[in-house]
Each structure stands twice: as C-alpha cells, then as structure tokens.
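A structural walkthrough
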Amino acid sequence: MSDHPVLHVKGRVLTGPDDVRDELWVVDGRISYDPPVGARDVRGVEGWALPGLVDAHCHVGLGAHGPVEPDVAEKQALTDRDAGALLLRDAGSPSDTRWVDDRQDLPKIIRAGRHIARTRRYLRGYAHEIEPDDLVAYVAREARRGDGWVKLVGDWIDREAGDLAPSWPREAAEAAIAEAHRLGARVTAHCFAENSLRDLVESGIDCVEHATGLTDDLIPLFAERGVAIVPTLVNIATFPDLAAGGEGRFPRWAAHMRRLHARRYDTVRHAHDAGIPVFVGTDAGGTLPHGLVAAEVAELVTAGIPPLTALSAASWGAREWLGRPGLAEGAPADLVVYEADPREDVRVLAAPRRVVLNGTVVG
C-alpha cells in the first residue's frame with residue numbers, strides 16, 4: 001500500500017439503479033469493496049455516492065467565436081468537474097485538448113475530433129467546412145484523431161431556402177459513416193430539423209444530437225436501429241431567442257425553430273416511451289456555460305422521463321454506453337457524494353457535497 005491516504009466512503013453507495021452498498025474504500029486512486037489492511041491514514045466521506053456524472057455533449061476548448069486559450073479551456077473543465085461531471089464526451093472542438101489527459105484534477109474527455117460541416121453551413125470558426133466529395137476523407141481523419149467518435153453537422157440553415165436543410169447527400173453520408181465504422185469509430189450528428197434524420201439513420205449513424213426534428217413517423221426507425229439521442233434541452237431553451245434574432249432575414253427558419261422548441265418535451269418523452277436510448281448532454285461551450293449537467297437531468301424529468309431513468313442517463317447508463325466504468329471494483333475512483341438520495345429528487349445533483357476524481361477529493 002502506498003503512502004497516499006485511504007478514502008472511506010460510507011452511507012449509501014449507488015453502484016447501479018437498484019444496487020446499493022454501505023461503503024467503499026479508495027486505495028491508490030482505485031475503488032475497493034474490501035477494507036484495506038494496515039492503512040495508516042484513513043479519511044472519511046459520508047453521504048449518497050454516485051459514479052462521476054457524464055455530460056455526453058459538451059465542447060471543452062470552444063468559445064463563441066471558435067477555439068479558446070488553454071487557460072479558458074481549463075476553467076471550462078474545472079466548472080464541469082465542480083458540478084460533478086467527471087466524464088465528458090466532447091462533441092466537436094477545434095482546440096487540441098490532449099493536455100487535459102495529463103491532469104489528474106480534470107475530468108476525463110472522450111473526443112469526437114472537430115465538427116465536419118458543409119461549406120458556409122455552420123458557425124464560423126467551429127468546423128471543417130467541406131463539400132460532399134471530401135466527406136469520407138475528413139471523417140477518416142477525425143476518426144483517427146478522436147477517441148472513438150466523429151461529429152457531423154447533419155443540417156443547418158440554407159440561406160437560399162431560408163430554413164433548415166440537410167447538409168449531406170445520402171450517398172455521401174453512407175460512405176462516410178461506413179468509413180468511420182471501418183476505423184472503429186461511432187458517428188453522431190448535429191440535427192435540428194426533421195428532413196435530415198431518415199437518411200442519416202438509414203445510413204447507419206449511431207447517435208443524433210438535439211434531435212428536435214424527431215417525429216412520430218421517425219421514432220420507430222430510431223428505436224429499431226438503436227440510435228441514441230442526446231437532446232441538450234438546456235440548449236434548446238435558447239431557440240426562441242435565436243428565432244427572434246433571425247426573424248428579420250429568415251422568417252421561415254424562425255417559425256420552424258419556434259415549433260421545434262414548443263414540442264421539445266413531447267419529442268423527448270415520445271422517444272423515451274418508444275425505447276430510444278436518451279442520454280444527458282448540455283452543449284456547454286460555444287455560447288452556453290459549462291457546469292449545467294444537473295439542470296439537464298432536471299429538464300429530462302420535466303419532459304416526462306422517470307427520475308431514475310434520467311439519473312441513469314447521466315451516470316450508470318451513460319458510462320456503459322460510452323464504455324467507461326462506474327463504481328466497479330478496481331475502477332478509477334471518480335465519484336460524487338450528495339447529502340440526500342438523488343433517486344428521490346434529481347435536484348440534489350445541483351449541490352454536490354464532495355467530488356472525488358482519481359481518488360482525490362477535489363471539491
């Protein structure tokens with residue numbers, strides 16, 4: 001045993017939705033359910049312990065106008081950490097954040113590389129902006145640079161049409177998704193509109209971000225193919241303001257955005273009821289602040305998802321989906337401790353009592 005202090009977490013340890021243990025120990029940064037022998041320095045933490053929360057859609061290193069300096073990216077990651085989000089799926093960033101991997105005090109990041117968008121069809125400074133003939137090559141590039149994910153921009157406003165429109169012809173999407181899968185990466189896509197979804201799902205996509213255009217006729221297709229969604233409801237809440245800002249130039253688009261916003265909760269609830277996997281993501285970075293994971297869980301509950309399911313979408317279930325351990329024997333000790341049972345009231349998540357990352361109490 002090393003000279004590092006042993007952490008004794010006692011009270012209620014939620015290793016799964018229905019699996020509750022009385023205690024665990026952290027020895028050399030890893031979880032143990034066997035009391036350590038001969039430990040000289042044992043420190044206690046009491047409360048309700050969960051695996052470190054997951055924000056499955058955020059952007060570390062991204063600001064309103066593109067990449068940010070490392071000190072700003074560090075503050076973003078620290079904000080997520082202090083909110084209890086210890087595993088982040090970075091759904092597109094132009095910044096190189098590999099340096100975060102060397103920091104034991106910062107959340108673990110699963111990267112999707114940089115967004116891949118159609119030319120002049122996304123936010124300036126965020127994405128590779130390319131044409132369909134180059135999509136396969138860019139997907140291969142980002143699949144090699146990322147951590148098992150690639151991020152497409154599936155639709156965006158078409159200025160000539162004055163409304164949302166798909167970014168990619170179906171044949172280009174099919175070839176690109178097949179190439180990502182060949183390289184061992186999963187593919188997700190930003191999609192607001194209805195008319196971008198069928199081609200992407202039938203082309204083999206693994207996940208859709210936002211998915212505000214998910215309609216009753218598309219829900220069975222998503223369910224049959226097992227395509228997950230990450231609704232980012234805290235971001236969808238901004239649609240009315242976006243619509244107001246663009247209404248003068250693009251009234252059709254503005255009306256469309258308002259309709260998508262108005263039915264957002266029904267969309268998510270119907271998806272869940274049909275068996276579509278739903279996970280928690282905030283879209284932090286860019287224009288939204290970090291540290292919103294608890295607010296997003298609460299939004300899922302407001303949409304009608306059962307509290308325990310919403311909690312799993314940010315903890316046990318999300319970690320399993322991303323292939324990362326929870327509170328398993330020998331796993332890295334990444335956990336959050338709360339005053340009360342978050343299964344009874346997810347609002348508890350907004351006030352972590354202790355945050356433990358790599359076995360160290362960091363908050």
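Because the structure is predicted, anything quoted here is derived from the model rather than measured.

1. Some words on helix α3 (residues 170–182)
- In this model, α3 (13 residues) spans 18 Å end to end at C-alpha, consistent with the 18 Å of a helix rising 1.5 Å per residue.
- Among the residues of α3, Ala172, Ala173, Ala176, Ile177, Glu179 and Ala180 are the ones counted as buried. Projected down its long axis, α3 carries its buried residues within an arc of 160 degrees, all on one side. In α3, the exposed positions that point more than 90 degrees away from the buried face belong to Glu171 and Arg182.
- Against α2 (135–145), β12 (149–153), β15 (186–191) and α4 (197–202) lie the buried residues of α3.
- Phi turns positive one or two residues past the end of α3, at Gly184, with a value near 85 degrees.

2. With respect to the pairing of strand β18 (residues 335–338)
- Residues of β18 alternate between two faces, with Leu335 and Val337 on one and Val336 and Tyr338 on the opposite face, all of them buried.
- As judged from the four bridges shared by strand β4 (residues 42–51) and β18, these two strands associate in the antiparallel manner. Across the sheet, residue Pro51 finds its bridge partner in β18, namely Leu335.
- The pairing of β18 with strand β19 (residues 354–357) spans three bridges and is classified as antiparallel.

3. Let's talk about the sheet that holds strand β3 (residues 30–32)
- The seven strands are arranged β3-β2-β1-β4-β18-β19-β20 in an open sheet whose pairing can be described as mixed. In this open sheet, the two edge strands, each paired with only one partner strand, are β3 and β20 (360–361).
- As judged from the six bridges shared by strand β1 (residues 6–14) and strand β2 (residues 20–27), these two strands associate in the antiparallel manner. When the sheet's bridge partners are listed, Leu7 is paired in β2 with Val26.

About the cut-offs
- Residues numbered from 1 in each chain as written.
- Predicted model: local features only at pLDDT ≥ 70, side-chain atom pairs only at ≥ 80, totals over all residues.
- Heavy atoms only, no water.
- Helix = DSSP H or I, 4+ residues; strand = E, 2+ residues; numbered from the N terminus.
- Expected span 1.5 Å × (residues − 1).
- Buried < 20%, exposed > 50% of the residue type's maximum accessible area, 1.4 Å probe, protein only.
- Arc of directions from axis to C-beta.
- Contact = heavy atoms within 4.5 Å.
- Pairing = 2+ DSSP bridges.

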